[in-house]
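Summary of the model geometry
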Amino acid sequence: RGFYTSGLFAYCRHPNYFAEQSMWVCVYLFSITPKESDFINWTIIGPILLILLFQGSMRFGESISASKYPLYKEYQRRIPQCIPSLAIIVSDLLEGKGRKKRS
């Protein structure tokens, strides 16, 4: 096959990017103080730029993988790109699969 489809990769195609982007959003959320009247301040620029960088990187990497591995297009169709699918997670938990390999 040439690419992972088990573990966290059974729930989203880029779990490492999701974690990194989530961390930067959390860093931004820590910059908001309860005294501020709105939730947007200048520090939002960092997470936005990093998310845009990761989106471009994901598109580039996926285009390479799709051209290299014929089965990758099917994987793209079934599994979300970055944000893990709660439907897949709940389905696997109800079926007792946990994070086993998805076919």
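Residues numbered from 1 in each chain as written. Predicted model: local features only at pLDDT ≥ 70, side-chain atom pairs only at ≥ 80, totals over all residues. Heavy atoms only, no water.

**Considering a nonpolar patch on the surface**
A contiguous nonpolar patch, built from W42, I45, I48, L49 and L52 and spanning about 600 Å² of accessible area, is present on the exposed surface. Topologically, W42 is positioned in the loop between helix 1 (15–31) and helix 2 (45–68). (Patch = residues over 30% accessible without salt bridge, like charges linked within 9 Å, V, L, I, M, F, W, Y side chains within 5 Å. Areas by Shrake-Rupley, 256 points an atom, 1.4 Å probe, with all protein chains shown as cover. Salt bridge = Lys/Arg side-chain N within 4 Å of Asp/Glu carboxyl O. Helix = DSSP H or I, 4+ residues; strand = E, 2+ residues; numbered from the N terminus.)

**Brief notes about the packing of helix 1 against helix 2**
Where helix 1 contacts helix 2, the two axes come as close as 9 Å, and the packing angle between them is 170°. The angle between helix 1 and helix 2 places the two elements in the roughly antiparallel class. Taken together, the residues of helix 2 that come into contact with helix 1 (itself represented by Y17, E20, Q21, W24, V25 and Y28) are P47, L50, I51, F54, Q55, S57 and M58. For the contact of helix 1 with helix 2, a count of residues per class yields nine nonpolar, three polar and one charged. (Axes fitted to C-alpha atoms, helices over the stretch in contact; angles between N-to-C directions. Parallel < 35°, antiparallel > 145°, perpendicular 65-115°, else oblique. Contact = heavy atoms within 4.5 Å. Nonpolar A, V, L, I, M, F, W, Y, C, P; charged D, E, K, R; others polar.)

**Points about the confidence of the model for the protein chain**
Across the protein chain, the average pLDDT comes to 86, with 89% of residues at or above 70. Ranking the helices and strands of the protein chain by mean pLDDT puts helix 2 first, with 94, and helix 4 (residues 86–95) last, with 85. (pLDDT = per-residue confidence, 0-100.)

**Section: the side chain of H14**
Topologically, H14 is positioned in the segment before helix 1. The class of H14 is buried, set by a relative accessible area of 12%. Filtering out sequence-adjacent residues up to four positions away, H14 remains in contact with M58, E62, Y72, Q81 and C82. (Buried < 20%, exposed > 50% of the residue type's maximum accessible area, 1.4 Å probe, protein only.)

**Structural notes on helix 1**
For helix 1, with 17 residues, the first-to-last C-alpha span of 25 Å sits near the 24 Å given by 1.5 Å per residue. For helix 1, the complete set of buried residues consists of P15, Q21 and Y28. For helix 1, the buried positions fall inside an angular range of 135° around the axis, keeping them on one side. Packed against the buried residues of helix 1 are helix 2. (Expected span 1.5 Å × (residues − 1). Arc of directions from axis to C-beta.)

**Thoughts on the packing of aromatic side chains**
Following the criterion strictly, the structure yields six aromatic pairs and no others. On the basis of an interplanar angle of 25° and a centroid distance of 5.7 Å, the ring pair of Y4 and F9 is categorised as stacked. F9 gets classed as partly exposed once you look at its relative accessible area, which sits at 26%. Relative to F54, the ring of Y17 has its centre 5.0 Å away and its plane inclined at 50°; by these criteria the two rings are tilted. Remark: F54 occurs in helix 2 and Y17 occurs in helix 1; sequence separation between them is 37 residues. (Phe/Tyr/Trp six-rings, centres within 6.5 Å; stacked < 30°, edge-to-face > 60°.)

**Comments concerning the pattern of salt bridges**
Scanning the model with the defined rule gives three salt bridges in all. Close ionic contact of E62 with R13 constitutes a salt bridge, the shortest N to O distance being 2.6 Å. Taken together, the residues E62 in helix 2 and R13 in the segment before helix 1 connect sequence positions 49 residues apart. Since its relative accessible area comes to 10%, R13 is described here as buried. Between R78 and E74 there is a salt bridge, with its nearest N and O atoms 3.6 Å apart. Pair noted here: R78 and E74 are both in helix 3 (residues 72–78), with a separation of four residues, about one helical turn. According to the relative accessible area criterion, R78 is partly exposed, its value standing at 27%. What makes E74 partly exposed here is its relative accessible area of 35%. Linked through salt bridges whose partners overlap, the residues forming this network are E74, R77 and R78.

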